[in-house]
Amino acid sequence: MEQRRETASTVSSIQIAPSILASNFLKLGDAVGEAERGGGDRLHIDVMDGRFVPNITIGPPVVRAIRTATSMPLEAHLMVVEPERYVQAFADAGTDVIIVHCEVSPHLYRTMQQIHDAGCRAGVAINPATHWIAVEEVLDIADLILVMTVNPGFGGQKFISPMLRKISALRRTIDRREDAAELEVDGGVTFETAEQVVQAGARVLVAGTSVYQSETGVSASIEALRRAASRGLRPAAGVPH
């Protein structure tokens, strides 16, 4: 367990996770390479089934292909019903982190243990309308908590600002319990909102549109996001509690 998980004191730096959902799928290999060369810390892969969320994206074969193209850590965000059925397939495809939603995981603790047994780090995501308390009972085994700051299903949505309170509450709880879970946000992360989410306590930022559809290019966008996010590490007033 100690080898797999970080300690709470090591989660102070900012990590940027480019989301390939916003990339040009016709040139997916190029998009992966751009993220790696541009300084992305990990690659975020949105997996949607058209049932839990109103969109359909990709599955294990595409993840397996991406794995051959990069050494970056890969995190698969399973926005699917019955995610436990697909854990092994994504682990076998080369995924490093598997994130499931608490809303479709009635046996969440067991599913996260299953992810660990498959050799991956386990993450749990919560939708905007889900109270953060829903994941408190798995904080002891969670490697990552993902707060959705838009309604999942599509990229390019506007950041839901009341989610800052949820991020802040989770940050306080994780720190108080001295848990090792990373706190990640996904949705509407831009050069304007990056500082806010870090002030609230997030340390891993998923960014799709602001990285892959920026006029400045992938590398410059990742660098600009990191600079904006780092400003949030400074002591600041006004973070919702």
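1. Re the environment of G38
Structurally, G38 can be placed in the loop between α1 (28–37) and β2 (43–48). Overall, the relative accessible area of 14% leaves G38 in the buried class. Along the primary structure G38 and F191 are separated by 153 residues, whereas in three dimensions their C-alpha atoms are 16 Å apart. Residues in contact with G38, not counting those within four places in the same chain, are S219 and I222.

2. A short note on the nonpolar core
Grouped together as the largest cluster of nonpolar side chains are 66 residues, with contacts concentrated most on L43, I98, I145, I167, V197, L205 and Y212. With residues near it in sequence (within four places) discarded, L43 still touches P18, I20, V32, A35, I66, M72, P73, L74, E75 and Y212. Membership of the second largest hydrophobic core comes to 7 residues, among which are V97, A125, L144 and M148.

3. Digging into the pattern of salt bridges
For the structure on display, the rule yields 10 salt bridges. In this structure, R171 and D175 form a salt bridge, with 3.2 Å as the shortest nitrogen-oxygen distance. Taken together, the residues R171 and D175, both in helix α5 (residues 163–177) and 4 residues apart, mark about one turn of the helix. For D175, a relative accessible area of 44% corresponds to the partly exposed category.

4. Details of unusual backbone geometry
One non-glycine residue, E82, adopts positive backbone phi at about 50 degrees. Relative to the helices and strands, E82 is located in the loop between β3 (74–79) and α3 (87–92). Judged by its relative accessible area of 37%, E82 falls in the partly exposed class.

5. Here we look at the pairing of β3
Across the 6 residues of β3, 6 count as buried, placing the element largely inside the fold. Note that the unit made of β2, helix α2 (residues 60–69) and β3 has a crossover that is right-handed. With 4 bridges joining them, β3 and strand β4 (residues 97–101) adopt parallel strand pairing. Following the sheet pairing, L78 is matched in β4 by V100. The parallel pair β3 and β4, bridged by α3, forms a crossover whose chirality is right-handed.

6. Points about α2
Residues of α2 that are buried: P60, V63 and I66. Buried positions in α2, seen along its axis, are confined to an arc of 115 degrees and lie on one side of it. Residues of α2 that are exposed and point more than 90 degrees away from the buried face comprise P61 and T68. In this structure, the buried side of α2 is in contact with α1, β2, β3 and α3.

7. Observations concerning the pairing of β4
Counting buried residues in β4 gives 5 out of 5 residues, a clear majority hidden from the surface. Bridging between β4 and strand β5 (residues 121–126) involves 5 bridges; their strand directions are parallel. Residue pairing for β5: V97 is matched across the bridge by R121. Handedness of the crossover joining β4 and β5 through helix α4 (residues 108–117): right-handed.

What counts, and at which threshold
- Residues numbered from 1 in each chain as written.
- Predicted model: local features only at pLDDT ≥ 70, side-chain atom pairs only at ≥ 80, totals over all residues.
- Heavy atoms only, no water.
- Helix = DSSP H or I, 4+ residues; strand = E, 2+ residues; numbered from the N terminus.
- Buried < 20%, exposed > 50% of the residue type's maximum accessible area, 1.4 Å probe, protein only.
- Contact = heavy atoms within 4.5 Å.
- Core = buried A, V, L, I, M, F, W, Y, C linked by side-chain atoms within 4.5 Å.
- Salt bridge = Lys/Arg side-chain N within 4 Å of Asp/Glu carboxyl O.
- Right-handed = clockwise from strand over helix to strand, strands pointing away.
- Pairing = 2+ DSSP bridges.
- Arc of directions from axis to C-beta.

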